[in-house]
Amino acid sequence: LLLLFLALGAGCQSGEPVHPSGDLPPMDVDPSLDVLPSLVPVFEKLETVIDPDMGLVAWVVVHTDLPTQLTVTVEDLVTGLVAPVPYGAAFKVNHKLVVMDLRAESSYQIRVTAITDTGGVGEDAVEVETLPLPGYLDDLEVELVEPDKMQPGYTLLSVRTNALPLWVALDREGEVAFYA
């Protein structure tokens with residue numbers, strides 16, 4: 001062991017790193033850093049698309065230059081309420097996720113944080129405005145809402161208007177959260 005230490009020590013006296021193959025060039029790394037610097041991901045694309053058939057659903061498309069995991073939040077720009085969007089994808093450069101629980105004719109800010117596997121963090125945001133409810137939902141009226149007596153989740157209704165079958169989901173406040 002002592003001979004190995006002396007042999008390695010003698011090879012390092014020139015100031016050049018020693019590598020068993022002898023043919024790897026030295027890396028330019030700031031010697032004050034304990035680890036390699038984290039690369040910050042760049043957003044090549046961040047857009048939202050409101051589904052015209054389900055105007056309370058936004059598709060978020062994110063492309064980054066490095067493989068990333070995303071953390072996504074939605075802020076209601078009127079009430080200021082912020083909610084996380086569940087999304088558990090692996091590290092990748094192309095992401096597509098759905099944001100639900102939006103209300104009709106409302107404005108939201110969708111904030112995306114992209115994290116690389118080395119800890120680099122990039123952030124961006126986009127605003128989105130939802131569509132009004134379609135005309136065939138104009139007559140839908142909730143007369144009584146008692147959230148304290150309701151189970152968590154949605155109330156699902158099957159509605160038939162003008163021979164058009166329709167599914168409507170109401171949230172705890174009696175507001176339309178989804179329709180199809």
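So, a few notes on the structure that sits alongside this text. Each chain carries its own residue numbering, running from 1 in the written order of its sequence. For this predicted model, a pLDDT threshold of at least 70 governs which residues receive local features, and a threshold of 80 or more governs which side-chain atom pairs are given and counted, while totals over whole chains, interfaces and linings are taken from all residues. Side-chain metrics rest on all non-hydrogen atoms present in the structure, leaving aside hydrogens and water.

### Quick word on the layout of surface pockets
Reasoning step 1: Each pocket or cavity is described by its volume, and for the largest pocket that value is around 610 Å³.
Reasoning step 2: Considering the residues around the largest pocket, the lining is formed by 26 residues, among which Ala83, Met100, Asp101, Leu102 and Tyr108 are closest to the centre.
Reasoning step 3: At the level of elements, β2 (58-76), β3 (82-85), β4 (92-99) and β9 (176-179) are the ones that each hand at least two residues to the lining of the largest pocket.
Reasoning step 4: Helical segments are the DSSP runs of H or I of at least four residues, strand segments are the runs of E of at least two, and each set is numbered from the N terminus. Here the lining of the largest pocket takes four residues from β3, the largest share from any one element.
Reasoning step 5: Side-chain classes follow a simple rule in which Ala, Val, Leu, Ile, Met, Phe, Trp, Tyr, Cys and Pro form the nonpolar group, Asp, Glu, Lys and Arg form the charged group, and the remainder, Gly included, forms the polar group. Residues of the lining of the largest pocket, tallied by class, amount to 15 nonpolar, three polar and eight charged. Cavity and pocket criteria rest on a 1 Å grid covering protein atoms alone: a 1.4 Å probe that fits but cannot get out defines a cavity, protein on both sides within 12 Å along at least 5 of 7 lines defines an open pocket, and an atom within 4 Å of a point defines a lining residue. Grid points are joined across faces, edges and corners, and a volume is the space filled by probe spheres set on the points.

### Looking at a nonpolar patch on the surface
Reasoning step 1: Candidate patch residues must exceed 30% relative accessible area and have no salt bridge, after which like charges are joined if within 9 Å and Val, Leu, Ile, Met, Phe, Trp or Tyr side chains if within 5 Å. Only the protein chains shown count as cover for residues, and all accessible areas are computed by the Shrake-Rupley method using a 1.4 Å probe. In what follows, salt bridge is the name for a side-chain nitrogen of Lys or Arg lying within 4 Å of a carboxyl oxygen of Asp or Glu. A grouping of Val49, Trp59, Val98 and Met100 is seen on the molecular surface, where their side chains present a nonpolar patch of about 310 Å² in accessible area.
Reasoning step 2: Turning to its location among the elements, Met100 is positioned in the loop between β4 and β5 (107-116).

### A look at unusual backbone geometry
Reasoning step 1: One non-glycine residue, Asp101, lies in the positive phi region at around 65°.
Reasoning step 2: Secondary-structure assignment places Asp101 in the loop between β4 and β5.
Reasoning step 3: Among the residues examined, Asp101 registers a relative accessible area of 47% and is labelled partly exposed.
Reasoning step 4: Look at Glu105: it is not a glycine, yet its phi comes out positive at around 50°.
Reasoning step 5: You can see Glu105 is positioned in the loop between β4 and β5.
Reasoning step 6: For each residue, the accessible area found with a 1.4 Å probe, counting protein chains only, is set against the maximum for its type, and the residue is called buried under 20%, exposed over 50%, and partly exposed in between. On the basis of relative accessible area, Glu105 is assigned to the exposed category, the value being 59%.

### What about the pattern of salt bridges?
Reasoning step 1: Scanning all chains against the criterion turns up four salt bridges.
Reasoning step 2: Residues Arg103 and Asp171 are paired through a salt bridge, measuring 2.7 Å at the closest nitrogen-oxygen approach. Here Arg103, found in the loop between β4 and β5, pairs with Asp171, found in the loop between β8 (164-170) and β9; they are 68 residues apart in sequence, far enough to count as distant.
Reasoning step 3: With its nearest N and O atoms 3.4 Å apart, the salt bridge here joins Glu146 to Lys149.
Reasoning step 4: Residue classification places Lys149 among the exposed positions, given a relative accessible area of 64%.

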